Every structure is written in structure tokens, then in C-alpha cells.
Amino acid sequence: MDVDTRLLRYFVAVAEEGSLTRAAQRLFVSQPALTKQIKQLEARLGLRLFTRSRAGMALTPPGQALAERAPGVLAAWDRSVRETRHVADREARVLRVGFIASAANEATQHIVAAFARLRPGWRADMRQAAWSNPAAGLTDGEVDVALLRLPFPGQDALRVEVLLTEPRWIALSSAHPYATRDVIPFRDLWDEPFVAAPPETGRWRDYWLAVDDREGHPVRVGAVTDQPDDWLSAIANGYGVALAPESSARYYARPGVTYRPVSGVAPSQVGVAWAPADDANPVVQDFVRCCLESRPATQGQGQP
């Protein structure tokens, strides 16, 4: 019987957390989506893996047996996939670099150029991910290293160095009454509809809706988008406003969309991230070195 490794990862998270809510937060997915995946795994196996109650999710005996073996299966699979891809990359002299939106902003081209000088004959293959994949394929082993907006799914299990910090601004229709303001307090936007990332991105979505800065005020979602073009169209058409990095005003300028500074929300960070297994990978570490040497001198150090 074939079982998707994604289902096993979801199972392990629920087993370790003992709670659908905490597991969903850890995985950056919505709780309904996680519940659906657990039920799908149980249906495929023909077994009941959890006993559900108000106290949480308790493993059944079959579930306990799977929980003891699944982490080893996943670790072995991850190692096999990563090693296979590294062999292919070395043959092709390609480093797969995942990124979200504008990557490391203006520093990106300098990073890529520095890597080319440091590794003659190698190429940094830049792979942009949709917002429904805020880890840009790094946690799944689809890329070797990534330039990401923090926080992102699976961050605690990876190495991360902060490269830059920038304010979060608000993007809104140029016809919006607030579009002429110099600075907009975030409190004034609480009742506005927001353009949001897909629900399955969990805490990633919550971060860009600034849920923690609303003092419990509910979020209104006017549109859900997964790509920059759709995001810009929704804003220009007045379906909602959206928080965005300050650099979006440069990278995603568009008629009908206005960007304004907003007060009352924490800034955004960009980091370079890689798997602990690649601490000894000289090619990955050369790229990380190029990233660190390209960051502004005023930026603070990240955390491994």
C-alpha cells in the first residue's frame, strides 16, 4: 500500500503535539485541512490512529506503533532524496535556490554574482515559489537553499540567518480614501477587507494579516490569492488591502495600486535558510557565505 509521505509528516506532527490545533500551527496549515489529511491516512490504512476528545488527540495502539516508526522512515526518505538530488546537482553544477517574491531584494543579483565568482562553472538556479509554499520547497528537499520571508513553515528545524529587515507597508487601491495618507495606523485598517494567502498556509497567512497586532479584532478576508499578479489585481479592484514588505513598492509597482507606510505592526525579515544536513555541503555553504557578505552592515546577526 502506497502512502504519501506528506500524510506521514502530518501524522507525526499530531502524534508529537497531541493536539490538532498545535500541530496545525507547527505545520502552517489550517486545522480543517489537517483533520482531513489525518482522516485520509486512517482510511488508507484501514486503522484508527487517534482517539479524539476535548483533551486532545491520543494515539491508539496501532497509532503508537506507527508513531514509533514513522520518524525514522521519513528521515531515511529525506536523506535519500537529498543525496540523490545533490548527486544530480553536482553533475550539472547547479545549486537550486528557492525564493518568495522579491527574494533578498536588491542584494539578490549581488549574491548570485558573488556565487558565480566563488564557484566558476556553477549556476544558481533561482526558483520562485507560490505563497501557498512559503518555505519555497526547502522543507521538502525540492531546493538546496532558500531566500525566505520569516517566519515560514518548518523554520525551527532548519538553519536560518537573517539578511535584512524592512518595514511592512500597506498596499491598497489608489481609489481608496486612505491612499493619500502619509502614514496609516494599523488600527484604522482593522475593519478593512484584506487580500489573504490560502488558508492552508496557517501562521504564514496570519502573519501577513497581522493577527497578533489586532488585539483580538476579527479579520475580514476580501479575497484569497496565491500569486503576485492575482494579488495585485485584487488590490487594484478594491477587493481588499494587504500588508507587504516596503520593497513591494519597488518590485510590484502597478497602476491602480498604492503603497503607504503603516504604523503599529512589526517589520518583516528576509533570511537565508538551509537544512542542517548541508552544514558540511561546501556548495551550499559558499552560497550562504555570499548571502552573509552581501547583507547590509546595519543588519543584525541571525540564529542557527
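Look up: the structure comes first, before these words.
Note that this is a predicted model, so its numbers are computed, not measured.

Undergrad: What should I look at first to understand the overall build of the protein in this one?
TA: The secondary structure content of the protein amounts to nine helices and 13 strands. The C-alpha extent of the protein, read off along each of the three principal axes, is 60 × 55 × 30 Å. Taking all 304 residues of the protein together, 49% fall into the buried category. Intrachain contacts of the protein at a sequence separation of at least 6 include 74% that bridge at least 24 residues. Summing over all exposed atoms, the protein offers an accessible surface of approximately 14800 Å²; the carbon and sulfur share of this is 51%. Distance from the positive charge centre (35 side chains) to the negative charge centre (35 side chains) of the protein: 3 Å.

Undergrad: Sorry, what's going on with the pairing of strand β10 (residues 220-224) here?
TA: Every regular strand shows the same layout, with side chains that alternate between the two sheet faces. Strand direction decides the pairing type here: strand β9 (residues 193-196) and β10, joined by four bridges, are parallel. Within β10, the residue paired with Phe-194 across the bridge is Val-221. With helix α6 (residues 203-208) bridging β9 and its parallel neighbour β10, the resulting β-α-β unit is right-handed.

Undergrad: I'm lost on the environment of Gly-46 in this one. Help?
TA: For Gly-46, the position within the fold is in the loop between α3 (31-45) and β1 (50-53). Residue Gly-46 is classed as exposed on the basis of its relative accessible area of 61%. Along the primary structure Gly-46 and Gly-240 are separated by 194 residues, whereas in three dimensions their C-alpha atoms are 44 Å apart.

Undergrad: Even after reading the chapter, I still don't get empty space enclosed by the protein, so can you show me in this structure?
TA: Over the atoms, a rolled probe matching the size of one water molecule traces out where space is still vacant. Per the counting criterion, the structure on display carries one cavity of 30 Å³ or more. Here the largest cavity is characterised by a volume of approximately 290 Å³. Along the walls of the largest cavity sit 19 residues, with Trp-131, Trp-204, Trp-208, Trp-231 and Leu-243 positioned nearest its centre. Of all elements in the fold, only β9, α6 and β11 (242-245) reach the threshold of two or more residues within the lining of the largest cavity. Of all the elements, β11 adds the most residues to the lining of the largest cavity, at four residues.

Undergrad: Quick question: what am I supposed to make of the nonpolar core here?
TA: Here is a general trend for soluble globular proteins: nonpolar side chains tend to be buried in one another's company. With 51 residues, the main nonpolar core has Ile-170, Phe-186 and Trp-231 as its most contacted residues. For Ile-170, the residues in contact, after removing those within four places along its chain, are Ile-184, Leu-189, Phe-194, Val-241, Ala-242, Leu-243, Thr-258, Tyr-259, Arg-260 and Val-262. Grouped together as the second largest cluster of nonpolar side chains are 24 residues, Ala-104, Ala-107, Val-270 and Val-272 included.

Undergrad: Any chance you could explain the packing of helix α1 (residues 5-17) against helix α2 (residues 20-27) here in plain terms?
TA: If you want to describe how two helices pack, look at the angle between their axes and the distance between the axes. In the contact formed by α1 and α2, the axes pass within 8 Å of each other and the chain directions differ by 130°. Classified by the angle between their axes, α1 and α2 sit oblique to one another. The element α1 and its partner α2 pack so that their crossing is right-handed. Mapping the contact onto sequence places Tyr-10, Ala-13, Val-14, Glu-16 and Glu-17 in α1 and Leu-20, Arg-22, Ala-23, Arg-26 and Leu-27 in α2. Split into classes, the residues belonging to the contact of α1 with α2 amount to six nonpolar, no polar and four charged.

Undergrad: Just to check I follow, could you spell out the environment of Glu-246 for this structure?
TA: Turning to its location among the elements, Glu-246 is positioned in the loop between β11 and α8 (248-251). For Glu-246, a relative accessible area of 26% puts it in the partly exposed group. Distance in space between the C-alpha atoms of Glu-246 and Ile-170 is 8.4 Å, their sequence separation being 76 residues. Beyond its immediate stretch of four places on either side in the chain, Glu-246 contacts Glu-166, Pro-167 and Trp-169.

Undergrad: Would you mind showing me how to read the packing of helix α5 (residues 107-118) against helix α9 (residues 282-294) here?
TA: Between α5 and α9, the least distance of the axes is 9 Å, while the angle of their chain directions is 135°. By the angle between their directions, the pair α5 and α9 is classed as oblique. The hand of the α5/α9 crossing is right-handed. Touching Ala-107, His-110, Ile-111, Ala-114, Phe-115 and Leu-118 of α5 are Val-283, Asp-286, Phe-287, Arg-289, Cys-290, Cys-291 and Ser-294, all from α9.

Undergrad: Can you walk me through the sheet that holds strand β12 (residues 257-263) in this structure?
TA: Hydrogen bonds between backbone atoms are what pair the strands of a sheet, whose relative direction is either parallel or antiparallel. Spatial strand order, β8-β12-β7-β11: four strands in an open sheet with mixed pairing. Each edge of the open sheet carries a strand with a single partner, namely β8 (184-185) and β11.

Undergrad: Looking at this structure, how should I read the layout of surface pockets?
TA: Its volume calculated, the largest pocket comes out at about 1500 Å³. Broken down by secondary-structure element, the contributors of at least two residues to the lining of the largest pocket are α1, α2, α3 and α4 (61-92). Ranked by residue count, the leading element in the lining of the largest pocket is α4, at nine residues. Tallied by class, residues from the lining of the largest pocket come to 23 nonpolar, nine polar and 14 charged. The space that makes up the second largest pocket amounts to roughly 240 Å³. Residue lining of the second largest pocket: 13 residues in total, with Gln-25, Gly-202, Arg-203, Asp-206 and Tyr-207 positioned closest to the centre. Looking at the lining of the second largest pocket, the elements with two or more residues in it are α2 and α6. Per-element accounting of the lining of the second largest pocket gives the leading share, three residues, to α6.

Scoring rules and cut-offs
- Residues numbered from 1 in each chain as written.
- Predicted model: local features only at pLDDT ≥ 70, side-chain atom pairs only at ≥ 80, totals over all residues.
- Heavy atoms only, no water.
- Helix = DSSP H or I, 4+ residues; strand = E, 2+ residues; numbered from the N terminus.
- Buried < 20%, exposed > 50% of the residue type's maximum accessible area, 1.4 Å probe, protein only.
- Contact = heavy atoms within 4.5 Å.
- Areas by Shrake-Rupley, 256 points an atom, 1.4 Å probe, with all protein chains shown as cover.
- Lys, Arg positive; Asp, Glu negative; His and termini not counted.
- Charge placed at Lys NZ, Arg CZ, Asp CG, Glu CD.
- Pairing = 2+ DSSP bridges.
- Right-handed = clockwise from strand over helix to strand, strands pointing away.
- 1 Å grid on protein atoms, 1.4 Å probe; cavity = no way out; pocket = protein on both sides within 12 Å on 5 of 7 lines; lining within 4 Å.
- Points joined across faces, edges and corners; volume = space filled by probe spheres on them.
- Core = buried A, V, L, I, M, F, W, Y, C linked by side-chain atoms within 4.5 Å.
- Axes fitted to C-alpha atoms, helices over the stretch in contact; angles between N-to-C directions.
- Parallel < 35°, antiparallel > 145°, perpendicular 65-115°, else oblique.
- Left-handed = near helix turned anticlockwise from the far one by under 90°.
- Nonpolar A, V, L, I, M, F, W, Y, C, P; charged D, E, K, R; others polar.

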